[in-house]
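Residue strings, one per chain:
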Amino acid sequence: MYSLNGSANFPGRGFVLLRSLFRSWRRGGVRHFDFHNLRTNGASFCEAQPQPRAQEVQAENVTVAEGGQAEINCKLHQYDGSIVVIQNPSRQTLFFNGTRALKDERFQLVEFTQKQVRIVLSNARLEDEGGYFCQLYTEDTHHQIAILTVLVPPENPLVEVKEQAVEGGDIELTCIVPRSRPPATLRWYRDRRELKGVSSKQENGKVWSILNMVRFRVDRKDHSSIVTCEATHPALRGQRKQTQYVLDVQYSPTARIHPPQGVMREGDTLVLTCAVNGNPLPTEIKWSRANESLPERALIEGEVLTIPSLSMLDNGTYSCQVANKHGRSSDQYVLVVYDPGAIVEAQTSVPYAIVGGILALLVFLVICVLIVMSGKPDCTAAGHQGGDLVRCLPARNQRLAGLEPRPCRVWRRGLFVCPPAASTPSPLPLSAGSYLTHEASGLDEHGEAREAFLNGGDGHKRKEEFFI
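Note that this is a predicted model, so its numbers are computed, not measured.

Caption draft 1: Representation of unusual backbone geometry within the structure. Omega for the peptide link from Arg 181 to Pro 182 comes to -5°, which places this bond in the cis form. Relative to the assigned elements, Pro 182 resides in the loop between strand 13 (170-180) and strand 14 (185-190). Geometrically, the link from Asn 279 to Pro 280 is a cis peptide bond, its omega value of 5° lying close to zero. Its place among the elements puts Pro 280 in the loop between strand 22 (270-279) and strand 23 (286-289). The phi torsion at Ser 224 lies on the positive side, around 75°, for a residue other than glycine. Residue position: Ser 224 is located in the loop between strand 17 (207-217) and strand 18 (226-232). Relative accessible area serves as the criterion here: at 44%, Ser 224 is assigned to the partly exposed category.

Caption draft 2: Quick look at the pattern of salt bridges. Counted under the stated rule, the structure contains 18 salt bridges. One salt bridge connects Arg 297 with Asp 314, and the closest N-O pair in it is separated by 2.2 Å. Here Arg 297 is found in the loop between strand 23 and strand 24 (299-301), whereas its partner Asp 314 is found in the loop between strand 25 (304-307) and strand 26 (316-324), with 17 residues between them in sequence. For Arg 297, a relative accessible area of 34% translates into the label partly exposed. Among the charged side chains, a network of salt bridges with common partners joins Asp 170, Glu 172, Arg 215 and Arg 217.

Caption draft 3: Representation of the sheet that holds strand 26. Read from one edge of the open sheet, three strands run 23-26-27, paired in antiparallel fashion. Both edges of this open sheet fall to strand 23 and strand 27 (327-335), since each of them pairs with a single strand only. Averaged over all pairs of adjacent strands, the angle between their axes in this sheet comes to 20°, without regard to strand direction. Where strand 23 meets strand 26, four bridges bridge the pair, whose relative direction is antiparallel. Paired with Trp 287 across the two strands is Cys 320, which belongs to strand 26.

Caption draft 4: Examining the packing of aromatic side chains more closely. For the structure on display, the rule yields one aromatic pair. The ring of Phe 133 carries the charged tip of Arg 91 above its face, separated from the ring centre by 3.9 Å. Directly above the aromatic system of Trp 208 lies the positively charged group of Lys 201, at a separation of 5.1 Å from the ring centroid.

Caption draft 5: Spotlight on the sheet that holds strand 13. Reading across from one edge, 11-13-17-16 is the order of the four strands in this open sheet, with antiparallel pairing throughout. Lying at the two open borders of the sheet, with one neighbouring strand each, are strand 11 (158-161) and strand 16 (198-204). When the angles between neighbouring strand axes are averaged without regard to direction, this sheet yields 20°. Where strand 13 and strand 17 come together, nine bridges link them in antiparallel fashion. If you follow Cys 175 over to strand 17, its bridge partner there is Asn 212.

Caption draft 6: Molecular detail of the pairing of strand 27. Sheet topology note: the strand 26/strand 27 ladder contains nine bridges and is antiparallel. The partner of Thr 317 across the bridge, within strand 27, is Val 334. Linking strand 26 to strand 27, which pair antiparallel, is a turn of two residues.

Caption draft 7: Spotlight on the environment of Glu 111. Mapped onto the elements of the fold, Glu 111 is located in strand 7 (residues 107-112). Taking relative accessible area as the criterion, Glu 111 reaches 22% and is therefore assigned partly exposed. C-alpha separation for the pair Glu 111 and Asn 73, spaced 38 residues apart in sequence, amounts to 9.3 Å. Among the polar contacts listed, one links the side chain of Glu 111 to the side chain of Gln 116, at a separation of 2.9 Å.

Caption draft 8: Highlighting the state of the cysteines. Within the structure shown, the criterion is met by three disulfides. Across a sulfur-sulfur distance of 1.5 Å, Cys 74 and Cys 134 are joined as a disulfide pair. Judged by the sign of its S-S torsion, about -50°, the cystine formed by Cys 74 and Cys 134 is left-handed. Pair noted here: Cys 74 is in strand 3 (residues 70-77) and Cys 134 is in strand 9 (residues 130-137), with a separation of 60 residues, a long-range link.

Caption draft 9: Fine view of the side chain of Glu 230. Here Glu 230 shows up in strand 18. At 3.0 Å, the side chain of Glu 230 forms a polar contact with the side chain of Arg 240. A polar contact of 2.8 Å, which involves the side chain of Glu 230, links it to the side chain of Gln 242. Excluding its chain neighbours within four sequence positions, the residues that come into contact with Glu 230 are Thr 185, Leu 186, Arg 187, Tyr 189, Arg 240, Lys 241 and Gln 242.

Procedures and definitions
- Residues numbered from 1 in each chain as written.
- Predicted model: local features only at pLDDT ≥ 70, side-chain atom pairs only at ≥ 80, totals over all residues.
- Heavy atoms only, no water.
- Helix = DSSP H or I, 4+ residues; strand = E, 2+ residues; numbered from the N terminus.
- Buried < 20%, exposed > 50% of the residue type's maximum accessible area, 1.4 Å probe, protein only.
- Salt bridge = Lys/Arg side-chain N within 4 Å of Asp/Glu carboxyl O.
- Pairing = 2+ DSSP bridges.
- Axes fitted to C-alpha atoms, helices over the stretch in contact; angles between N-to-C directions.
- Phe/Tyr/Trp six-rings, centres within 6.5 Å; stacked < 30°, edge-to-face > 60°.
- Lys NZ or Arg CZ within 6 Å of the ring centre and 35° of its normal.
- Polar contact = N/O pair within 3.5 Å; in protein donor to acceptor, adjacent residues only side chain to side chain.
- Disulfide = S-S within 2.5 Å.
- Contact = heavy atoms within 4.5 Å.

Shape is all these values report; function is a separate question.
If you want it as structure tokens, here you go:
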């Protein structure tokens, strides 16, 4: 029994003769063949045949993503109708001269011409990977191998948290891609900035499992912010697989009472709202009044306290308290109920006392600067009794000019006046506690005169005051 799948069972010339017979039969040129003449004259028949043209087959390597569609092409050169066989990596024949030999409907023969044989594989699997044989049977068997590579793209990464994040502590996140080939690349991003993580991988058969762990400190402001894990892979062709993780940071609560607008008068209705924040959010809000119980007509609905028909007996400090497992918080509101006819200045967001204080401070600073820059003469005194040394210091510009201190004029009750540098007018009679201006004393208009007024009599502590 002879087989066409290989020439090893045929003598070389017999195979050529049988191949020629097969071609003639396909073209319809042979209706009867005398096998007796073949046995007696086969040698001369074979020698009379012309030499066949050189035939070649070429195959191209293919890369496909798992689940995708791959095309296996076998290109033929100078094909003359010889037998073409396509085999899978397990050397199972898929197609024999255009006829299906393996019952796998995922393989479809879409083209068989004198130039190429094209097979389409749909829903490619990892087990389909390997070398596909394009075999051309002539006098010598020619074959080429098309290498099929199956890539396993990653799915959307999985993000796991090690433990519950708490304000002021660290959070540890792990990004996982359980299956990819070749290994996927994982990166962390937060606010468009990359976070440095630690990667590791493990091979499971033909695929890889990839992990990337990141750790950072969190605060209450980080609650509900987004951290993204991104996976890149050659099979994604420039696209990315992303998973966003919303941070869940637990923190202690805060409470704030929103007061009503305007002044509360007798007969009005008071509505206080306690705004609560925290994670976990406190579920219970406690209202109270300092040193007293709440009015009997007070109505509590969660975060809202309502007191209708106010009276002066309702005055007091009201507070709301909240708590969760991380801490407590409270806020207060002082209620003052006025008579309906009372005229009350409405409170402003910035008290007038604060504004006045700021203005007074600015005026004081301006006066200090003017005094420092004026450079006017001053009086110095070692005492205010007779015989004490009392001298006037020149102005700054006069001291720079080399003028020496000069004696002061002394009037009654310890009043000292610095005369001008040129001439000294007659003193005016003054009483204790009076002030002397430069016009009254007859001094020059440049304000060179200064007074040093000593308050009180001999038994009082001396106090110096300077006036322009």
